[in-house]
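Listed below, chain by chain, are the residues.
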Amino acid sequence: MDIQNLLEDITGAVQPQIGQGQVAGYIPQLGAVDPHQFGISLVTKDGEVFSAGDAHVEFSIQSISKVFALALVLSSDGDGIWKRVFREPSGNPFNSLVQLESEDGIPRNPFINAGAIVVTDRLLSLTGDAAGAVRALMRRESGNALVDTDHRVATSELESGHRNASLAHFLASCGNLENPVDEVLESYAQQCALAMTCQDLALAARFLASNGLGAEGELVLSPAQTKRINAVMLTCGTYDAAGEFAYRVGLPGKSGVGGGIVAVVPGKCAISVWSPGLGRSGNSVAGVAALDEFTTRTGWSVF
Ligand code: GLN
């Protein structure tokens, strides 16, 4: 298959969707991003890289960081996190408060905000610097030592992040945080504000397509943990649109409100797409369309 040609074709095919939807204006810095951009990168499990469109433009990875934080916690701490976070789809928006109260402060899954705040809290206990640990993983796996937090985005999120603050305080009131709320929220905002390109992200996610094997030949996760994290991405990675994403794309995937999505074809490749316009559930409109095109044209879905 001519993958380069395919990515360029897909970039052409999704032009009508680019700019559709809304940018994530609830984080003011993200509201200022030009929505008329689209990038796509694919990295094979053996490390071959293909890119098209704006694949070398940095964007805010936001919730995509949740996968990497979870990978770090699972690899150093095993299954203990599952006592503090469930792994069922929520059917609710990523920043919803309602379910958390009725389920006694145990978030539905690690990819909604409440669950990710718990994972970051654990990573902070394990490392002393949760965002630094995610950043180091990203740098190593992408091979780009310049990957860094965009502090303007982190500050912007902290200043306007009343919902995450309420989720974190509620978690603390239920005894489901180990560290002070302010420290957890700051770490969470910093990991979400990592700025990366499609190519960086596809490279960083390659271990999810290769049974956990990382860029330097090390095991980022065991093959069994890799299977499980991909399963949680499939069922929970795109929030209350996870069913629609499985229907259209049919791959484990994780989106972020910066407009990025990482998807995994287990045993074959990792793909990263980016376009800032979001649909109602907070997933990139053109990004989902591109992944739909990709699996429809190649037949590379898990179904
Ligand atoms: N930092 C964002 C928030 O907490 C991440 C949300 C997302 O990407 N879905 O609201």
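For the structure, check the block above.
No experiment lies behind these values; they were computed from the predicted model shown. (Residues numbered from 1 in each chain as written. Predicted model: local features only at pLDDT ≥ 70, side-chain atom pairs only at ≥ 80, totals over all residues. Heavy atoms only, no water.)

### Quick look at the pattern of salt bridges
- Tallied over the full model, the rule gives 14 salt bridges.
- Bridged by salt links that share partners, the residues D77, R84, D121, R122 and E178 form one connected network. (Salt bridge = Lys/Arg side-chain N within 4 Å of Asp/Glu carboxyl O.)

### Some details on the sheet that holds strand β3 (residues 59-60)
- Strand order in the open sheet formed by 3 strands is β3-β5-β4, and the pairing between neighbours is antiparallel. Each end of this open sheet is capped by a strand with a single partner; those strands are β3 and β4 (148-149).
- Relative to strand β5 (residues 194-196), β4 runs antiparallel, the two sharing 2 bridges. Its bridge partner being in β5, T149 is matched across the sheet by L194.
- Strands β4 and β5 of the sheet are contacted by helix α6 (residues 130-142), whose axis makes an angle of about 15 degrees with β5. (Pairing = 2+ DSSP bridges. Helix = DSSP H or I, 4+ residues; strand = E, 2+ residues; numbered from the N terminus. Contact = heavy atoms within 4.5 Å. Axes fitted to C-alpha atoms, helices over the stretch in contact; angles between N-to-C directions.)

### Some points on the nonpolar core
- Core analysis: the biggest nonpolar cluster contains 58 residues, and F68, I81, I117, M138 and L201 have the highest contact counts within it.
- Among the elements that make up this core, the one with the highest residue count is helix α3 (residues 65-77) (8 residues).
- Every residue in contact with L201, bar those within four places of it in the chain, is listed here: F59, I61, I64, F68, M138, M196, V262 and S272.
- In this structure, L7, A52, A289 and A290 belong to the second largest nonpolar core, which totals 26 residues. (Core = buried A, V, L, I, M, F, W, Y, C linked by side-chain atoms within 4.5 Å. Buried < 20%, exposed > 50% of the residue type's maximum accessible area, 1.4 Å probe, protein only.)

### Some points on the site of the ligand
- Taken together, the neighbourhood of the ligand is formed by Y26, Q62, S63, F94, N113, E157, N164, Y188, C192, Y239, G256 and V257.
- With respect to the ligand, the side chain of Q62 contributes an N or O atom lying 2.5 Å from a nitrogen atom.
- Between V257 and the ligand, the recorded distance is 2.8 Å, taken from a backbone N or O atom to an oxygen atom.
- Here the ligand has 300 Å² of accessible area as a free molecule, and 99% of this is covered by the chains. (Near = heavy atom within 4 Å. Polar contact = N/O pair within 3.5 Å; in protein donor to acceptor, adjacent residues only side chain to side chain. Areas by Shrake-Rupley, 256 points an atom, 1.4 Å probe, with all protein chains shown as cover.)

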